[in-house]
Amino acid sequence: SIQYSKEHMNREIHKASIGFAACNSETIITGNWGCGAFHGDPVLKFLIQLYAASINHKKLIFCGYNQSMLKKLSEIYQHMTEYNSDDLLEHLYSF
């Protein structure tokens, strides 16, 4: 799928980073961008937003409707707290 190409990920990172940088709050509340009708990968979209929040020094509150997916993302987040921004980007590119 095109969503896993480096070019597409960079485009998504750029969009999220611009939006997050423009936010005056230190906390971003967000959710599963493009994961409904556009069939985006929720884990990939979460990691993209986590990376964009990280490089903009923002806290991320992630909301969703699928409790099992939210639990999975929470577990991924706990693991990702050990990563710096460069490590997270490298992990994204390995998808």
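In this text, all values refer to a predicted model and were calculated from it rather than measured experimentally.

What counts and how
Residues numbered from 1 in each chain as written. Predicted model: local features only at pLDDT ≥ 70, side-chain atom pairs only at ≥ 80, totals over all residues. Heavy atoms only, no water. Helix = DSSP H or I, 4+ residues; strand = E, 2+ residues; numbered from the N terminus. Buried < 20%, exposed > 50% of the residue type's maximum accessible area, 1.4 Å probe, protein only. Axes fitted to C-alpha atoms, helices over the stretch in contact; angles between N-to-C directions. Parallel < 35°, antiparallel > 145°, perpendicular 65-115°, else oblique. Contact = heavy atoms within 4.5 Å. Nonpolar A, V, L, I, M, F, W, Y, C, P; charged D, E, K, R; others polar. Arc of directions from axis to C-beta. Polar contact = N/O pair within 3.5 Å; in protein donor to acceptor, adjacent residues only side chain to side chain. Core = buried A, V, L, I, M, F, W, Y, C linked by side-chain atoms within 4.5 Å.

Chemist: Can you help me understand unusual backbone geometry in this one?
Modeler: Keep in mind that most residues, glycine aside, have a negative phi and that most peptide bonds are trans. Phi at His39 is positive, roughly 60°, even though this residue is not glycine. Structurally, His39 is set in the loop between strand 1 (27-30) and helix 2 (42-55). Residue class for His39 comes out exposed when judged on its relative accessible area of 64%. We note that His57 has phi near 55°; this positive angle belongs to a residue other than glycine. Mapped onto the elements, His57 comes out in the loop between helix 2 and strand 2 (59-62).

Chemist: Explanation requested: the packing of helix 1 (residues 6-22) against helix 4 (residues 85-93) in the structure shown.
Modeler: The geometry of a pair of packed helices is captured by two quantities: the angle between their axes and the separation between those axes. Interaxial distance between helix 1 and helix 4 falls to 10 Å at its minimum, and their mutual angle equals 135°. Between helix 1 and helix 4, the angle falls in the class oblique. Of the residues in helix 4, those touching helix 1 at Lys6, Met9, Asn10 and Ile13 are Leu89, Leu92 and Tyr93. Partitioning the contact of helix 1 with helix 4 into residue classes produces five nonpolar, one polar and one charged.

Chemist: How should I be thinking about helix 4 in this particular structure?
Modeler: Because each turn of an α-helix spans 3.6 residues, side chains separated by three or four positions in sequence point in the same direction. Listed as buried for helix 4 are Ser85, Leu88, Leu89 and Leu92. Buried residues of helix 4, seen end-on, are gathered within an arc of 100° and therefore sit on one face of the element. Across from the buried face of helix 4, at angles greater than 90 degrees, the exposed residues are Asp86 and Glu90. On the buried face of helix 4, the contacting elements are helix 1, helix 2 and helix 3 (67-80). Its side-chain oxygen at 3.0 Å from the backbone nitrogen of Asp86, Asn84 defines the N-terminal cap of helix 4.

Chemist: What am I meant to see in the nonpolar core here?
Modeler: Across soluble globular proteins, you tend to see nonpolar side chains buried next to one another. Ranked by size, the top nonpolar core spans 17 residues in total, and within it Phe46, Leu47, Leu73, Ile76 and Leu92 carry the most contacts. Those elements giving two or more residues to this core turn out to be helix 1, helix 2, helix 3 and helix 4. For this core, the element with the most residues is helix 2, which contributes seven residues. In this view, Phe46 contacts Leu60, Phe62, Leu73, Ile76 and Tyr77; residues no more than four positions away in its chain are not counted. With five residues, the next largest nonpolar core counts Ala16, Phe20, Ile28 and Ala52 among its residues.

Chemist: Even after reading the chapter, I still don't get the side chain of Thr30, so can you show me in this structure?
Modeler: Turning to its location among the elements, Thr30 is positioned in strand 1. Only 2.9 Å separates the side chain of Thr30 from the side chain of Trp33, close enough to count as a polar contact. Aside from chain neighbours lying at most four places away, what touches Thr30 is Gln49, Leu60, Ile61, Phe62 and Cys63.

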